[in-house]
Amino acid sequence: MTKTAERPRPLKEKKNKNKWNSKNQWKGWLYLLPALVLLAVFTLWPIINTIRISFMVTADGSGYSYALDMRHVPFHFGFDNYAKVAAYGDFLNCLKNTLLLTVITVPISTMLALLIAVGLNSIKFLKKIFQTIFFLPYVTNSIAIGMVFMAMFTMIGVTPGMEPESIGIINKIIEAFGGQRIDWVNQQSSEAANMFVLCTYIVWNALPFKILVLLGGLQNVDKQYYDAAKVDGASRWRVFWRVTVPLLSPMIAYVVITGFIGGFKEYSSVVGIFGDSMGPITHDYRWDTMVGFIVRNIDLYQGRASAAAIILFLIIFAVTMVNMYVSKKRVHY
Amino acid sequence: MMNLLARSAMGQGGVTAAIILAVVAVLLVIGCVVLCCLFFDKHAVSHFFAQFGIYIFLAVVAVAVLFPFYWMLISSVKTVEEYNAYSPTLWPQKFYWENYASVFAGDIDLGGMFLDTLLVGVVSTVLSLVVTVLSAYAFARLEFKGKNIIFALMLATMMIPGELFTITNYITASGLGWVSQSQHPDVAERFGTFCGLVIPFLVSVFYIYLLRQNFMQIPNELYLAAKVDGTSDLKYLWKVMIPLSAPTLISITLLKMMGAWNSYVWPNLIAGEAWTLVTVGLRSGNFNVPGSENLVNYPMQMAAVVLVTLPLLIIFIFCRKYIMRGVSRSGIKG
């Protein structure tokens, strides 16, 4: 304790504080009780238990499962769950898909959202209407609209060697431009075609939040900077890169970080488009993701699912740290 | 080109004509924007063209954003024959409203799903509000030892992805009998599953944080004055804090309801046949043409999608302010 800390405080304040203190000690905990009990059971315990069971294996090397636990099969400490997950071909596919989708969609949606936000910020007439329209995807059910995207891209009544019954509106537009129709999501579809559909949908879904945050940031930017740039005769392009982007950099960093976190947890967009099989017919699980892997293993192989969840957490944690480090260096203030 | 013209002459080319127009417009505008940016930067003329360019850019994006909604709406009133025609039509030839009737009858019991989802949504929202208000009040107004440590720990849990909790919560729910197993669940099983759908997600650390920030803005003097008058904490909370924080509470309510409406992973895991929430029912529903294995009745499916999507859109249009404010602070959906 330093001397300054011991300096007597004004009498009145101290007295007051003590009075409320003694009276409300138990009251504070009482008010918190429901939340604390629920958090202990459904948040704190899961953290401990998920780490625990990810390291539990039986004598014959199979991982933890609730069913085995119920039969009192003994478990011991081991890394078999992790080894199994890493060796599992499906998991590597999930990891690859998740990484690909994230790395492609985050930069695209961020750039697009930035352009839209800058555009919105520089108009007055119709601004509110545009803002509302751009926010609409956010308030929709991502599974439901995924089904609409599927309906727009899919061909109906596909039989090899014959004209399909219907080619879908997107292919119709392509043909109207004189292009060749593409098998986007049906049996013969290529990975690239599937990827295009998925990325389009994910970007469509990710835009509203990013626009909202970036526009909020833009509205707080002091107009003086733009006036100064105008006086200096800077071009629009230069103003964008030298004034807008640096001033917005904290918001951009925030949007990129949350985008990466959301990207690694991608699941419902894929389910929305392809259904539970997470891939075109005859290519089940082609677009399975990390969360997909966890969800599919939850009911039978909890050990494996836990190991995958811990790996997912570590990846998200690492990527967030890298993002924070980069943005600390690059963020303007 | 001849091919295109021939088609539009045949009357099928409404699409084509619209598209050609759109392309011409877009090209024109891109040209304008490039021209302005490069040559006329500092002039009033350039400002006008730049504004024009921005409007066109925004309009193009708006069309891209709205198109799926438009497609969903018009598809939902087409007949299967029209929908499955080789060239999709941009406007239904005949409004076939029976699609909407058919999703309430037969396999897809959308009405029942709506009721189930509403019940889960309303109960979980109300209980969650109670828990959130009490905790936020404790953090914002009451003084007790360890308050700051608990608050910091709670905030720290927000960094962990929810999937990590799901695994153990599934085990816990199984142990408590909250996971529906049977094909024809009885009342007890339905109640158990209902608890499973509601209870694990009652506490949202983010909402507590949001409301605490709001409560902190209410001046302490009001509290002291109320204390002098002999008002109890609960009465003060109910009569002063809650009315003053109504906007935040509305935001929380709306986001929570949206969350219940959109939840998929957890209900899909535990609810089985006991409760069918809309999103799960929609995805797993059998929309096939009667008697067909893999021919999907898309118009009927789209009608169901419209009915699931529309309530949220309507709520959004009326409560835009609250939803956007809540979202801009969170970055989470539900």
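Here the structure is a predicted model, which is why all the values come from computation and not from measurement. (Residues numbered from 1 in each chain as written. Chains lettered and ligands numbered in written order. Predicted model: local features only at pLDDT ≥ 70, side-chain atom pairs only at ≥ 80, totals over all residues. Heavy atoms only, no water.)

Peer 1: Could you give an account of the overall build of chain B, with specific residues and numbers?
Peer 2: Helix and strand counts for chain B come out as 17 helices and zero strands. In chain B, which comprises 334 residues, the share counted as buried stands at 51%. Long-range pairs, those at least 24 residues apart, make up 67% of the contacts in chain B between residues at least 6 apart in sequence. (Helix = DSSP H or I, 4+ residues; strand = E, 2+ residues; numbered from the N terminus. Buried < 20%, exposed > 50% of the residue type's maximum accessible area, 1.4 Å probe, protein only. Contact = heavy atoms within 4.5 Å.)

Peer 1: So what's going on with the overall build of chain A? Which residues, and what values?
Peer 2: Helix and strand counts for chain A stand at 14 helices and two strands. A compact globule built from 333 residues should have a C-alpha radius of gyration of about 20 Å, whereas chain A, at 27 Å, is more than 25% larger. For chain A, the spread of C-alpha atoms along the three principal axes comes to 90 × 75 × 35 Å. With 333 residues in all, chain A has 51% of them scored as buried. The contacts in chain A between residues at least 6 apart in sequence include a share of 63% that link residues at least 24 apart. Seen as two clouds, the 32 positive and the 19 negative side-chain charges of chain A have centres 19 Å apart. (Rg over C-alpha atoms; globule rule 2.2 N^0.38 Å. Lys, Arg positive; Asp, Glu negative; His and termini not counted. Charge placed at Lys NZ, Arg CZ, Asp CG, Glu CD.)

Peer 1: Could you give me a rundown of the interface of chain A and chain B, with the residues and numbers involved?
Peer 2: At the junction of the two partners, chain A supplies 102 residues and chain B supplies 106 residues. Approximately 9200 Å² of surface area, both sides summed, lies buried where chain A meets chain B, with 74% of it carried by carbon and sulfur atoms. The three residues of chain A that bury the most area against chain B are Tyr31, Phe42 and Met147 of chain A, which together make up 9% of that side's buried surface. Linking Asp233 of chain B and Lys27 of chain A is a salt bridge whose minimum nitrogen-to-oxygen distance equals 2.7 Å. Our enumeration of links across chain A and chain B arrives at 19 residue pairs in polar contact (both at pLDDT 80 or more). Top element by residues in the side of chain A that touches chain B is helix α2 (residues 11–54) of chain A. It accounts for 23 residues. Looking at side-chain class alone, the side of chain A that touches chain B contains 66 nonpolar, 24 polar and 12 charged residues. (Buried area = accessible area lost by both parts, 1.4 Å probe. Salt bridge = Lys/Arg side-chain N within 4 Å of Asp/Glu carboxyl O. Polar contact = N/O pair within 3.5 Å; in protein donor to acceptor, adjacent residues only side chain to side chain. Nonpolar A, V, L, I, M, F, W, Y, C, P; charged D, E, K, R; others polar.)

Peer 1: A description of the side chain of Ser124 of chain B should follow, citing residues and the corresponding values.
Peer 2: Residue and element names in this part refer to chain B. Its location among the elements puts Ser124 in helix α6 (residues 110–140). Polar contacts involving the side chain of Ser124 include one to the main-chain carbonyl oxygen of Val120, which spans 2.8 Å. Once residues within four sequence positions are removed from consideration, Ser124 is found in contact with Val198, Leu202 and Lys256.

Peer 1: A description of the confidence of the model for chain A should follow, citing residues and the corresponding values.
Peer 2: Do not read the fine detail of predicted coordinates wherever pLDDT is low. Residues and elements named next belong to chain A. Taken as a whole, chain A shows an average pLDDT of 85; of its residues, 92% reach a score of 70 or greater. Across residues 1–6 the pLDDT falls below 50, and counting only partners more than four positions away or on other chains, this stretch makes one contact in the model. Here residues 10–16 is a poorly scored stretch, pLDDT under 50, and it has zero contacts once near neighbours within four places are set aside; other chains count. (pLDDT = per-residue confidence, 0-100.)

Peer 1: Just give me the short version of the packing of aromatic side chains, but keep the residues and values in it.
Peer 2: Residue and element names in this part refer to chain B. Counting across every chain of the model gives 39 aromatic pairs over all chains. Between Phe114 and Trp261, the aromatic rings sit 5.4 Å apart at their centres with planes inclined by 35°, giving tilted as the arrangement. Taken as a pair, Phe114 in helix α6 and Trp261 in helix α13 (residues 246–262) lie far apart in primary sequence, 147 residues in all. Ring centres 6.3 Å apart and planes at 20° place the aromatic pair Phe151 and Tyr209 in the stacked group. With Phe151 in helix α7 (residues 147–157) and Tyr209 in helix α10 (residues 205–216), this pair connects stretches of sequence that are 58 residues apart. (Phe/Tyr/Trp six-rings, centres within 6.5 Å; stacked < 30°, edge-to-face > 60°.)

Peer 1: Account for the nonpolar core, naming residues and giving values.
Peer 2: Core analysis: the largest hydrophobic core is formed by 188 residues, its most contacted members being Leu120, Phe134 and Phe135 of chain A together with Tyr137, Phe215 and Leu237 of chain B. In terms of residues, this core owes the most to one element, helix α9 (residues 191–220) of chain A, which gives 17 residues. For this core, the two domains that each supply at least three residues are domain 1 (14–102) and domain 2 (110–330) of chain B. Among residues more than four places away in sequence, those in contact with Leu237 of chain B are Tyr31 of chain A together with Val133, Leu134, Tyr137, Phe215, Ile242 and Pro243 of chain B. Counting five residues, the second largest nonpolar core, distinct from the first, contains Val221, Ala229, Val239 and Leu247 of chain A. (Core = buried A, V, L, I, M, F, W, Y, C linked by side-chain atoms within 4.5 Å. Domains from an automatic or database assignment.)

Peer 1: Let's hear about the side chain of Thr140 of chain A: which residues, and what values?
Peer 2: All names here are of chain A. When you line up the elements, Thr140 lands in the loop between α6 (127–135) and α7 (142–153). Under the relative-accessibility criterion, Thr140 is labelled buried at 0%. A distance of 2.6 Å separates the side chain of Thr140 from the backbone oxygen of Pro137, its partner in a polar contact.

Peer 1: Before we move on, can you summarise unusual backbone geometry with the specific residues and values?
Peer 2: Residues and elements named next belong to chain A. The residue His72 is not glycine, and still its phi comes out positive at about 60°. Locating His72 in the fold gives a position in the loop between α3 (66–70) and β2 (75–77). One non-glycine residue, Met278, lies in positive phi territory at about 50°. Of note, Met278 is situated in the loop between α12 (268–274) and α13 (290–297). Residue Met278 is classed as buried on the basis of its relative accessible area of 2%.

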